[in-house]
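Examining the three-dimensional arrangement
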Amino acid sequence: MKNKYIFGGVIVVVFLGMMIYLFTKSNVQYESDFGKVMSTERTIKATGSWVKEKSYEINKSERTFVFYMKDATGHEMKVIYSGTIPNNFESAKSIVVTGQYKNGNFHARDILTKCPSKYQDKQSAAASS
Amino acid sequence: MAGSILITLALAFSIFSMVMYYLTYRGAKNTLTIARMSYHAMAIFVIMASAFLMYLIITHQYQYEYVYSYSSDDLPFGYLLATFWAGQQGSFMLWLFVTVLIGVFLQSYTGKRDDLEPRVMMVFSLATTFLLAMVSPMLKNPFAYIWAEPMFIETVKINASYLTQPFMQNFMFNDPNSGQTFVKMSGDLYATLQGAGISVNQFIAHGKGLNPLLQNFWMQIHPPILFTGFAMTTVPFSFAMAALIKNDYKDWVRQSFPWILAGSGILGLGIMLGGYWAYGVLGWGGYWAWDPVENASLVPWLISVAGIHTMIVQRKTQSKGGMGKFVKTNLLLSILAYVMVLYSTFLTRSGVLGDASVHSFVDPGTIVYLFLIIFVGTFLLFGIGMIFYRWRYLESQIVNEENLLARELALFTAAVTIGASALIVAVGTSAPIFKQSVETRFYNEMHVPLAIIIGFLNGFSLLLKWRQTSGEDILKKSKFSLIATGVFAVLIILFGKVYDIMMILLTVSAAFAFFVNAEIAYKIFTGNKKMLGAYIAHIGISLFILGVVGSSAYSKQVEVDLTKGKPVQVLGHTLEFTGYNPIENNTKYEFNVSVRDGGGKPSVIKPIMFVSTFNNSLMREPDILEGFTKDFYISPLSYDDGTSAAKSPQGNAVTLMPDEKTSIEGAQLTYADFIKPDMSVMMSGGNFQMGAKLIVTKNGKSETIEALMKKEGQGVTFIPVELKDADLRVELTKIDPTTKKAEFVVGKLSATAAVTTLPAEVLAVNASTKPFISLVWIGVAVMVIGFFVSMYRRLQESWT
């Protein structure tokens, strides 16, 4: 009976330790307050919306896409995304960018667009009527 | 209405059946037949309701919200079938349907075995009761009418002849953002239509349609198989609860065994088909993204598989009398597998993961949220509570004897390792509840050491005898496997160029497991074939691990522009884009790319791109050149037909508001003023021009230019401005007279000239090689076969 607990226990302890370590290392927090996003260089998932009124730039040769995002309180930041402009970007209601804030810009390596999908267009139409 | 009545009746019979089974268990006479009949009545109503939903979909009854939201009249029959489970309500319905059918077989199975039926079936019908409540008219009812909750419908979906009716004025709304007009389908409109003698089914002419990603063969079979796997986990749960209720733990393992084996086989197959669909349709090049929806199905599978390993021990150690070893572990794992299915459902259906997944369902409302919590909570408390209740008795029955080199311990360690994997996936998937999230490397890096342990244990445990083994014996038995693994290790390092130490360990451990199992399987192949199950399943999992290592750690990918008619060398293949052609009534385009691998005959692969009317977005479908040792995967990115390159300048796009400035192409660009159009001419549709006055500063020199848009007759032309000194070309591409927002494309004059003289058709693709990805599919398929062979054996044993 002891052996069972020794073997099982060692595996559980080792993996719990590894899991906690990796969890803190690879953990990415959601942040909707850009003030906080801009105060750290950690990798973060920033949620906000696209500032359509401001300029944006598509660089075809370097495959970058630069635009402005704002949070609910109106904080704005410049986002530099290495990649092509995602599908549905123009119609996205909210955007989740994953990356780091460095040297005054948010360098995104991933963009997730939340579109007014079939589930949501009820509300979007309702809001405007 | 008919559908809701059927569901309500089924719910009533389910509750009644549960009560009658409970009374039978408490010793009441004559209630068993009533309980059985009620269960069967419930089953008949559920089958009728499912058939009715299918009928509504096939006959396009758009007065039902579910049918309108997920299907349309132009879908072929196969995709109409898939509509059944395309949405939340329908997938609950599918889950209910298979659960109820499994219950019919379970009833007959338990009815023939001692006093099992009342205990098992009362727990099982508790599960059907909850599922029925889920699809009942109170919650996610697939039979809800479209006007039950006001819904905005695009005017194109409405029968045009009714739009002009005078009463329609009150129900039309304009969305200024999209410019579309919607009809508000509400109870009021329903009443008005009734008054005018128009049925809603006539009024709504078309459905919204099915998400194009789901319009795929694999989506017709993946969800039914996956939900069958989910539903099957209800059975071991019920057996475990039945054992706890009676406080008798000797027989339940062998009775539950064939069910948990079949369930794990089916769930494993379902998960793999989902991965195969993702690989062939989504176009990001992989089959597993550690997405919450995927993880949600993996966790119960891992727990079931861990349970299988410790259940074998309990069975084996029973032979000397007593209830055997690891009883608490087995009970706990059987209960947790089903609870995790429910928890997964809660995660993916309640909206808590809203931000984390692209394809989690959106918030279904507070009542459903609470109901899901009650659903999970009930089964969790019921299950864990019963184990606590029986804890002292279970502790008193423990068999205390164990040897370090015994198979029992190896199997227990295997279960702990698989359980650790389940825990890791569950923790990572639950993180978004606490506003956290983990990157995929969390899962990947955790699973490399786990998979190494699993591989070695897998091989090693089979070399061990039950109870006790001597060291020499192991060495003697493992001679072949050790030599073969050694040779394999040398081969993969020399020829496979695998140098990473973790990857070497991983492939070696998987190969070791493969050789041990293959040797034993070969030996017993001539003997009792039904004993082969475990070895086949283990061969499958080792092939699978080898496939995962090859296809993910050694995949190469590159983005390339393919110019029509010009062969390009990509990852050892010669690619040539030969043009495109429309398919499926000009709704989609296939892009033909010929691939030559070395000197052989070229094969043509055809990635597809199209703009979907369902969600107005560009859909890209990859195409794959499949081979045993390697897949060559092409995912389209974009297509430029060359004519736009001649017209529009190459360069960078920038949007500006008046008075805004930006630096671009080494110059400073200031949007100085908006050049107003003549409003009266513009309104009357005459010729006019408008544009932007820009100040361009480069190398200290400033120039003021006017970028203009001219409208003449029907056409609009943009007039580019060329600045020779600054080597710039500025062209207005978009301008909005109300906001004055303008978009410009700025490029180098020299570069522009080069491009404009050479218009060419360019297809941009993402190409990748996936070595040995075929082993991923073959491995899982072999494993599933193993599960079923084992099931056959354990089914025969379930009698004795």
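What you see is a predicted model; the values in this text were computed from it and never measured.

It is worth spelling out the overall build of chain A at this point. Scanning chain A from N- to C-terminus turns up three helices and seven strands. When the helices and strands of chain A are read in sequence order from the N terminus, they spell out α-β-α-β-β-β-β-β-β-α. Taking all 129 residues of chain A together, 21% fall into the buried category. Across chain A, the fraction of contacts at a sequence separation of at least 24, relative to all contacts at a separation of at least 6, is 42%.

With that settled, consider the overall build of chain B. Assigned secondary structure in chain B consists of 26 helices and 23 strands. Across its three principal directions, the C-alpha atoms of chain B cover 100 × 80 × 45 Å. Taken over 800 residues, chain B has a buried fraction of 46%.

Residue and element names in this part refer to chain B. You can see K325 is positioned in the loop between α13 (292-317) and α14 (327-349). What makes K325 buried here is the crowd of 25 C-beta atoms within 10 Å. Through-space distance from the C-alpha of K325 to that of R315 is 8.3 Å; in sequence the pair is ten residues apart.

Take helix α22 (residues 533-553) of chain B next. Spanning 21 residues, α22(B) covers 30 Å between terminal C-alpha atoms, matching the ideal 30 Å at 1.5 Å per step. Where burial is concerned, most of α22(B) is hidden: 19 out of the 21 residues are buried.

The next point concerns the pairing of strand β17 (residues 688-698) of chain B. Residue and element names in this part refer to chain B. Here seven bridges tie strand β16 (residues 667-675) to β17, and the two strands are oriented antiparallel to one another. When the sheet's bridge partners are listed, F674 is paired in β17 with A692. With eleven bridges connecting them, β17 and strand β18 (residues 701-712) associate as antiparallel partners. Paired with Q689 across the bridge in β18 is K710. Between β17 and the antiparallel strand that follows it, β18, lie two residues; N699 among them carries a positive phi value of about 50°.

In this section: the sheet that holds strand β1 (residues 151-154) of chain B. Residue and element names in this part refer to chain B. Strand order in this open sheet of three strands is β1-β3-β2, and the pairing throughout is antiparallel. Pairing within the sheet leaves two strands with one partner each, and these edge strands are β1 and β2 (172-175). Adjacent strand axes in the sheet meet at a mean angle of 40°, parallel and antiparallel pairs treated alike. Where β2 meets strand β3 (residues 180-185), four bridges bridge the pair, whose relative direction is antiparallel. Its bridge partner being in β3, M172 is matched across the sheet by V183.

Residue and element names in this part refer to chain B. Taken together, four strands build an open sheet; the order of strands is β5-β23-β13-β12 and the sheet is antiparallel. The open sheet is flanked by β5 (556-563) and β12 (623-625), the only strands paired with a single partner. Across the sheet, the mean angle from the axis of one strand to that of its neighbour is 25°, orientation sign disregarded.

Once that is clear, we can look at the nonpolar core. Residue and element names in this part refer to chain B. If you look at the biggest cluster of nonpolar residues, it comprises 199 residues, and the most contacted ones within it are A10 and L96. In this structure A10 touches M42, F45, V46, A49 and L132, once residues within four positions along its chain are discounted. Y671, F674, L694 and V696 belong to the second largest nonpolar core, which has 23 residues in total.

All names here are of chain B. Scored by pLDDT, chain B comes out at a mean of 87, with 93% of its residues at no less than 70. Note on residues 644-649: pLDDT is under 50 here. Beyond four places in sequence and across chains, it has 14 contacts. Contacts of residues 752-757 to residues separated by more than four positions or lying in other chains number seven contacts, the stretch itself having pLDDT below 50. If you check the scores for this complex, the pTM reads 0.84 and the ipTM reads 0.73.

Turning our attention to the domain arrangement of chain B. Entries for chain B in the domain assignment read domain 1 (1-145), domain 2 (151-203), domain 3 (212-398), domain 4 (560-625 + 633-643 + 762-770) and domain 5 (645-753). Relative to domain 3 of chain B, the C-alpha centre of domain 2 of chain B lies at a distance of 45 Å.

Bringing unusual backbone geometry into the picture now. Residues and elements named next belong to chain A. Despite not being glycine, N103 has its phi angle at roughly 50°, a positive value. In this fold, N103 is placed in the loop between β6 (94-102) and β7 (105-114). Residue classification places N103 among the exposed positions, given that 6 C-beta atoms sit within 10 Å.

All names here are of chain B. Position of Q397 among the secondary structure elements: in the loop between α16 (391-396) and α17 (407-430). In sequence terms Q397 and K325 are 72 residues apart; their C-alpha atoms lie 9.1 Å from each other. Those residues in contact with Q397 that lie beyond four places of it in its chain are G322 and M323.

Running from amino to carboxyl end, α13(B) crosses α14(B) at an angle of 170°, the nearest separation of the two axes being 9 Å. The orientation of α13(B) with respect to α14(B), classified from their angle, is roughly antiparallel.

To characterise two packed helices, one gives the angle between the axes of the helices and the distance between these axes. Residue and element names in this part refer to chain B. Packing of helix α2 (residues 31-58) against helix α6 (residues 116-135) leaves a shortest axis separation of 12 Å and a crossing angle of 30°. By the angle between their directions, the pair α2 and α6 is classed as roughly parallel. Note that α2 runs across α6; the crossing there is left-handed. Contact with α2, carried on its side by L32, A35, Y39 and M42, involves P118, M121, S125 and T128 of α6 and no other residues of that element. Partitioned by chemical class, the residues of the contact of α2 with α6 number six nonpolar, two polar and no charged.

This next bit is on the pairing of β3(B). As paired strands, β1(B) and β3(B) are joined by four bridges and run antiparallel to one another. Counterpart to B:E154 in the pairing with β3(B) is B:F182.

So, on to helix α18 (residues 440-463) of chain B. Look at α18(B): 35 Å from first C-alpha to last across 24 residues, which is about the 34 Å you get at 1.5 Å a residue. Along α18(B), the sharpest kink reaches roughly 30°, centred on B:H447 and followed within four residues by the proline B:P449.

For the rest of this paragraph, the subject is the confidence of the model for chain A. Parts of the model with low pLDDT should not have their predicted coordinates read in detail. Of all residues in chain A, 79% attain a pLDDT of 70 or more, and the chain-wide mean is 74. Below pLDDT 50 for its whole length, residues 116-129 of chain A participates in 20 contacts with residues either more than four positions away or in separate chains.

As a further point, take the environment of B:F628. Position of B:F628 among the secondary structure elements: in the loop between β12 and β13 (630-640). Among the residues examined, B:F628 registers 10 C-beta atoms within 10 Å and is labelled exposed.

What counts, and at which threshold
Residues numbered from 1 in each chain as written. Chains lettered and ligands numbered in written order. Predicted model: local features only at pLDDT ≥ 70, side-chain atom pairs only at ≥ 80, totals over all residues. Helix = DSSP H or I, 4+ residues; strand = E, 2+ residues; numbered from the N terminus. Buried ≥ 20, exposed ≤ 12 C-beta atoms within 10 Å, placed from the backbone. Contact = placed C-beta atoms within 7 Å. Expected span 1.5 Å × (residues − 1). Pairing = 2+ DSSP bridges. Axes fitted to C-alpha atoms, helices over the stretch in contact; angles between N-to-C directions. Core = buried A, V, L, I, M, F, W, Y, C linked by C-beta atoms within 7 Å. pLDDT = per-residue confidence, 0-100. Domains from an automatic or database assignment. Parallel < 35°, antiparallel > 145°, perpendicular 65-115°, else oblique. Left-handed = near helix turned anticlockwise from the far one by under 90°. Nonpolar A, V, L, I, M, F, W, Y, C, P; charged D, E, K, R; others polar. Bend = angle between axes of the 7 residues up to and from the residue.

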